[in-house]
Amino acid sequence: QVQLVESGGGLVQAGGSLRLSCVVSGRTLSNYIMAWFRQAPGKEREFVAGIGRSGTNTAYADSVKGRFTISRDNAKNTVYLQMNSLKPEDTAVYYCATNPNWGIYYGPSYYNYWGQGTQVTVSS
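Residues numbered from 1 in each chain as written. Predicted model: local features only at pLDDT ≥ 70, side-chain atom pairs only at ≥ 80, totals over all residues. Heavy atoms only, no water.

Attention now moves to the pattern of salt bridges. For the coordinates displayed, the defined rule picks out 4 salt bridges. Residues Arg38 and Glu46 are paired through a salt bridge, measuring 2.6 Å at the closest nitrogen-oxygen approach. Taken together, the shared-partner salt bridges connect Arg38, Glu46, Arg67 and Asp90 into one network. (Salt bridge = Lys/Arg side-chain N within 4 Å of Asp/Glu carboxyl O.)

Structure representation (structure tokens):
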């Protein structure tokens, strides 16, 4: 059984930083492309960042480029999202997800396992 557990969310002031972690168990992390998504109240779940199996390839939503960095440690079965220069519009529940396909896709339907999410709240 695959489990994804996110942590690191919290309340932060605008301009601050947070580092999210996602630990994957039940599968070898290197078998999957990984991504972070987020969902704000009343909005659809949206792609934030993705990373290839080796960590060489990454992709970001335009809204977070230059501020967020995704990384992975396959030996620790963990994916990270470093979030800097946070804005109130970054407030959302953040989810990590696994993708068994051969590309970093932006659509949630390509991802087969999801974590329970971690809340990020940015105050102005």
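Our next topic: the sheet that holds strand E3 (residues 18–25). The strand order across the open sheet built from 4 strands is E1-E3-E8-E7, with neighbouring strands paired in antiparallel fashion. Across the chains shown, the open sheet's two edge strands, defined by having one partner strand only, are strand E1 (3–7) and strand E7 (68–73). Put simply, the sheet's adjacent strands are angled 15 degrees from each other on average, direction ignored. Taken together, the 6 bridges between E3 and strand E8 (residues 78–83) define a ladder with antiparallel strand orientation. (Pairing = 2+ DSSP bridges. Helix = DSSP H or I, 4+ residues; strand = E, 2+ residues; numbered from the N terminus. Axes fitted to C-alpha atoms, helices over the stretch in contact; angles between N-to-C directions.)

The next thing to look at is the state of the cysteines. Counted under the stated rule, the structure contains 1 disulfide. Two residues, Cys22 and Cys96, share a disulfide whose sulfurs are 2.0 Å apart. Torsion about the S-S bond of the Cys22 and Cys96 cystine: about 60 degrees, corresponding to right-handed handedness. Taken together, the positions of Cys22 in strand E3 and Cys96 in strand E9 (residues 92–99) put the pair 74 residues apart, joining distant regions of the chain. Here Cys22 matches Cys96 in class, with each residue buried. (Disulfide = S-S within 2.5 Å. Buried < 20%, exposed > 50% of the residue type's maximum accessible area, 1.4 Å probe, protein only.)

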